[in-house]
Amino acid sequence: MGRVYVAGVGLTKVAEHWERSLENLMAEAAVAAVRDAGVSGVDAIYVGNMVGEVLQEQAHLGAIISEAIGMNGVPAFRVEASEASGAAALYSASMEIAAGRADAVLVVGGEKLSDGLAEEVESALMMGGRNDQVAAAGASFLSLNALLYRLYIRHHDSSEEEVAMFPVLSHEHAAGVPHAQYPFKITLDKVMASPYVAKPLRRFETAGIGDGAAALLLVGERLAGKLDSPKTELHIAASTDYLSPFDREDPLFFSALARAANEALRYAGIERGEIGIIELHDATSIMAALSLESSGFSGKGQAGKMAHAGEFNLNGTYPVNTFGGLKARGHPIGATAIYQVAELHLQLTNRAGKNQVDGRKAGMAQSLGGVAATAVVTVLKQA
Amino acid sequence: MRVPRYWRNLPFIYRLSGWRCVECGAFHPVKPIVCSRCRSSEFQEAELPKTGRLIAYTVLKSPPKGYEEQAPYIVGLVELDDGTRLISQIVDVSEDELKEDMRVEAVFRRLRSNDERDVIEYGYKFRPVID
Ligand SMILES: [Zn+2]
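Residues numbered from 1 in each chain as written. Chains lettered and ligands numbered in written order. Predicted model: local features only at pLDDT ≥ 70, side-chain atom pairs only at ≥ 80, totals over all residues. Heavy atoms only, no water.

Student: Hey, could you run me through the packing of helix α7 (residues 141-156) of chain A against helix α13 (residues 285-294) of chain A in this one?
Tutor: In helix packing, the relevant descriptors are the interaxial angle and the interaxial distance, both defined with respect to the helix axes. Residues and elements named next belong to chain A. Interaxial distance between α7 and α13 falls to 9 Å at its minimum, and their mutual angle equals 55°. Taken together, the axis directions place α7 and α13 in an arrangement best described as oblique. Regarding α7 and α13, the two cross each other, and that crossing is left-handed. Taking contact as the criterion, the partners of Phe-141, Asn-145, Leu-148, Tyr-149, Tyr-152 and His-156 in α7 are, on α13, Ser-285, Ile-286, Met-287, Ala-289, Leu-290 and Glu-293. (Axes fitted to C-alpha atoms, helices over the stretch in contact; angles between N-to-C directions. Helix = DSSP H or I, 4+ residues; strand = E, 2+ residues; numbered from the N terminus. Parallel < 35°, antiparallel > 145°, perpendicular 65-115°, else oblique. Left-handed = near helix turned anticlockwise from the far one by under 90°. Contact = heavy atoms within 4.5 Å.)

Student: Looking at this structure, how should I read empty space enclosed by the protein?
Tutor: Where empty space is left in the structure can be found by rolling a water-sized probe over the atoms. If you walk through the whole model with that rule in mind, you get two cavities of 30 Å³ or more. The computed volume of the largest cavity comes to approximately 40 Å³. Lining of the largest cavity is provided by Gln133(A), Ala136(A), Ala137(A), Ile87(B), Ser88(B), Gln89(B), Leu111(B), Tyr124(B) and Lys125(B). When contributions to the lining of the largest cavity are tallied by element, the ones reaching two or more residues are β6 (85-90) and β8 (121-128) of chain B. Per-element tally for the lining of the largest cavity: the top contributor is β6(B), with three residues. Residue composition of the lining of the largest cavity, grouped by class: five nonpolar, three polar and one charged. Its volume calculated, the second largest cavity comes out at about 30 Å³. A per-class count over the lining of the second largest cavity returns three nonpolar, three polar and three charged. (1 Å grid on protein atoms, 1.4 Å probe; cavity = no way out; pocket = protein on both sides within 12 Å on 5 of 7 lines; lining within 4 Å. Points joined across faces, edges and corners; volume = space filled by probe spheres on them. Nonpolar A, V, L, I, M, F, W, Y, C, P; charged D, E, K, R; others polar.)

Student: Any chance you could explain the pattern of salt bridges here in plain terms?
Tutor: One side chain can pair with another of opposite charge once the charged atoms of both are near each other. Residues and elements named next belong to chain A. In total, this model carries 29 salt bridges over all chains according to the counting rule given. A salt bridge links Asp-36 to Arg-351, with the shortest nitrogen-to-oxygen separation between them at 3.1 Å. With a gap of 315 residues between them, Asp-36 in helix α1 (residues 22-37) and Arg-351 in the loop between α16 (333-348) and β10 (362-369) connect regions that are remote in the sequence. Using a relative accessible area of 32% as the deciding quantity, one classes Arg-351 as partly exposed. For Lys-185, the salt bridge goes to Glu-172, with nearest N and O atoms at 3.3 Å. Here Lys-185 is found in the loop between α9 (165-174) and α10 (188-193), whereas its partner Glu-172 is found in helix α9, with 13 residues between them in sequence. (Salt bridge = Lys/Arg side-chain N within 4 Å of Asp/Glu carboxyl O. Buried < 20%, exposed > 50% of the residue type's maximum accessible area, 1.4 Å probe, protein only.)

Student: Would you take a moment to explain the interface of chain A and chain B for this structure?
Tutor: The interface of chain A with chain B comprises 31 residues on the first partner and 34 residues on the second. Carbon and sulfur atoms make up 54% of the area that chain A and chain B hide from each other, which totals about 2700 Å². Sorting the residues of chain A by area buried against chain B places Asp132(A), Gln133(A) and Leu147(A) first, and these three jointly supply 20% of that buried surface. The interface formed by chain A and chain B holds three salt bridges in total. Its salt-bridge partner being Glu95(B), residue Lys199(A) comes within 3.4 Å of it at the nearest N-O pair. Connecting chain A to chain B are 15 residue pairs in polar contact (both at pLDDT 80 or more). (Buried area = accessible area lost by both parts, 1.4 Å probe. Polar contact = N/O pair within 3.5 Å; in protein donor to acceptor, adjacent residues only side chain to side chain.)

Student: I would appreciate a short explanation of the sheet that holds strand β11 (residues 374-382) of chain A in the present structure.
Tutor: All names here are of chain A. Taken together, nine strands build an open sheet; the order of strands is β3-β2-β4-β7-β1-β8-β11-β10-β9 and the sheet is mixed. The sheet terminates laterally at β3 (76-79) and β9 (277-279), the two strands that pair on one side only. Looking at each pair of strands side by side, their axes are set apart by 25° on average, direction ignored. Across five bridges, strand β2 (residues 44-48) lies against strand β4 (residues 104-112) in parallel orientation. Pairing of Tyr-46 across the sheet is with Val-107, part of β4. Against the sheet, α1 contacts β1 (4-11), β2, β4 and β7 (211-220), and its axis sits at roughly 35° relative to β7. Running at roughly 130° to β3, helix α3 (residues 61-68) makes contact with β2, β3 and β4 of the sheet. (Pairing = 2+ DSSP bridges.)

Student: For this particular structure, what's the right way to read a nonpolar patch on the surface?
Tutor: All names here are of chain B. Taken together, the side chains of Tyr-14, Phe-108, Ile-120 and Tyr-122 make up a nonpolar region of the molecular surface, amounting to roughly 360 Å² of accessible area. Along the chain, Phe-108 falls in strand β7 (residues 103-112). Taking the relative accessible area as the measure of exposure, Phe-108 reaches 43% and is therefore partly exposed. (Patch = residues over 30% accessible without salt bridge, like charges linked within 9 Å, V, L, I, M, F, W, Y side chains within 5 Å. Areas by Shrake-Rupley, 256 points an atom, 1.4 Å probe, with all protein chains shown as cover.)

Student: What's the story with the packing of α1(A) against α3(A) in this structure? I'm lost.
Tutor: Residues and elements named next belong to chain A. Running from N to C, α1 and α3 point in directions that differ by 60°, and their axes come no closer than 9 Å. What the angle tells us is that α1 and α3 run oblique. Crossing hand, α1 versus α3: right-handed. Of α3, the residues touching α1 (which contributes Leu-22, Glu-23, Met-26 and Ala-27) are Leu-61, Ile-64, Ile-65 and Ala-68. The class makeup of the residues in the contact of α1 with α3 is seven nonpolar, no polar and one charged.

Student: Looking at this structure, how should I read the domain arrangement of chain B?
Tutor: By a widespread convention, an interface's size corresponds to the accessible area lost as its parts come together. Residues and elements named next belong to chain B. Structurally, chain B comprises domain 1 (1-47) and domain 2 (49-131). Centre-to-centre, using C-alpha coordinates, domain 1 lies 20 Å away from domain 2. The interface of domain 1 with domain 2 comprises twelve residues on the first partner and 19 residues on the second. When the two sides are added together, the surface that domain 1 and domain 2 hide from each other amounts to roughly 1300 Å², 57% of it contributed by carbon and sulfur. Counting across the interface, domain 1 meets domain 2 through two salt bridges. For the salt bridge of Arg-20 with Asp-82, the shortest nitrogen-to-oxygen distance reads 2.6 Å. Run the count over domain 1 and domain 2 and you get five residue pairs in polar contact (both at pLDDT 80 or more). Residue composition of the side of domain 1 that touches domain 2, by class: eight nonpolar, no polar and four charged. (Domains from an automatic or database assignment.)

Student: Would you take a moment to explain the pairing of β8(B) for this structure?
Tutor: It is a general feature of regular strands that their side chains alternate between the two faces of the sheet. Residue and element names in this part refer to chain B. Counting buried residues along β8, six of its eight residues qualify, which places the element largely inside the surrounding structure. Bridge count between β7 and β8: eight bridges; the pairing is antiparallel. The residue of β8 that forms the bridge with Phe-108 is Tyr-124.

Student: Is there a simple way to think about the nonpolar core in this case?
Tutor: Generally speaking, soluble globular proteins have nonpolar side chains that are buried together. Counting 70 residues, the largest nonpolar core has Phe166(A), Phe254(A), Ile275(A), Leu292(A), Phe312(A) and Ile87(B) as the members making the most contacts within it. Of all the elements, α7(A) adds the most residues to this core, at ten residues. Beyond its immediate chain neighbours, meaning those up to four positions away, Ile275(A) contacts Leu265(A), Ile270(A), Phe297(A), Tyr318(A), Ala362(A), Gly363(A), Met364(A) and Val379(A). Membership of the second largest hydrophobic core comes to 44 residues, among which are Val9(A), Ala84(A), Ile277(A) and Ala335(A). (Core = buried A, V, L, I, M, F, W, Y, C linked by side-chain atoms within 4.5 Å.)

Below is the structure:
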C-alpha cells in the first residue's frame, strides 16, 4: 500500500449559517483545501454527510459538490456512517490513494442542522441507532448517553463533577479560535448550573446545533514530492460494534474504538505514548470520558480525574481537543471528523496559532457513529 | 412511522414477541437471517418475560419528533427476568418515586402520534410493579 498524505485543509466557521446552503458551505471548504495544497485538479471526491436527505431533502451530494467547485467529470460519492460520516469519507478517500489509483483526492464533510427544528434534529440524529425498536421508546441519542453516564458513576464511584470537566476543557481551548462556534471559556460551576437535558446529562455537557463544512486534500507519494504545501502522513482504521451499547458485554467500553485505535497505531508504526494530541468525539461529556478510557489513554473510571489534574490541557501529557472539540468548536455532524483531522494537520505543521502545541510529532482523531457502533481512528504523523 | 414498517414490528412492540437463537439463546425482536452473536440461522418464536428490574433511568427533556406532547418523560434500561435488556419508557410513576433495581412490568400504551400519513403507534412501556 502506498503512503497517504494530507496536503491541504479548508474550514468554514461553525455557526448557524441561516443565509447559506449546505452546498455553498461545502464548496467554500473544498476550494480552500484545493488552494491550500496548491493542486490544479483532483482524481476523485468523497463527501461526508449524515442527514442531508432528511433536513435538506437532498441526496446525490457527490455530483452536486463536483459541479459546485467546477470539477464536473471527476468521480464523486457521498459516504455515510452516522456521526462518523466524514471519517468514513476520509477512510474511503485514503484507500483510493493507498491503492495507487489516485494521486489527489478531495474529501469534504458538511452538515447543516439549523435548517431543522430542534425535535427534527433529535429525530434525524436518532437514525444512528436502530430505529425500529429504540425509536419506539422515544430514546434519543442524549437519553442513551444519560443511561451510560448513570452506569459510569455507579460502577466507578465517580461523580458528575468529574465527568463535567470535559466541556470546561474543550471551551478552554476554543477561546479565541476563529472557526469555533463557541469561542469562549466556561467554568465548571456554570456547567453544573446548566439545566438537565437527560439527568445526569446537563445542557452544557452536550454539543450544540451548528452548520459547517471542512475539507482535506489527500495526495499520494508521486504527487507529495512535487508540492510545496506542508504535509502530514495519514493512517486510518475503523471498526464496528452492536448498535445498542446495552447489547454489548460492557456498555462502558467502546470496543470498536479500542480496535480502531490499536489498528491505526499499528499502521502508523508508533506507540500510544508517542501520540501528542488527541481530538475526541465529545458529543457529550460522558462520551469524552469513555473514549479516553476505551482507547487506552486513561484507566477505567479515571478520565475525569485526569482532566481535573490537567493531563489533557494544552501543556498536559495528552492535549485534548486543541481547538475546542465537538463541544466548543462545534459538531456539524458529517463535517466533524474532517475538522478534527484538519486541526491535527494545522498543529503538526505549526499553523495552529495561539493554540499551537509544540514538540508533538503525531496526533490521533477519534470519530464515533451512534453510541460508538462505528469508530474511525486517524493517526497523523509529521511527514 | 409508515404503516408497513409499523405492521412488521407489531409482534414485538405489542407483545414482546420475537425470535430466540436455538444455538446461543440470544433474543431478536425480528427474525434475523443469521444470529448476530453466533451466526447460527436456527430460531424459535419466543415471547420475552413481561417483568424485570430497572437498571438505570433518565428524564428526557428534549424529545424527538412525535414525542413532544409526552416530554419530559422517563427512559429506562430494563433487564427482563431472562436477562434480555430493553430500552423503554417508564410510566405511571414520578421521578422521585423511582429507584434503581425496582421491579417493573410491561404495559400496553400509546407510543407516539405522527403526521397524517402515519399511524398512531401503540406498544409496550414499563411501570413499577405494585406489591
Ligand atoms: Zn446465536
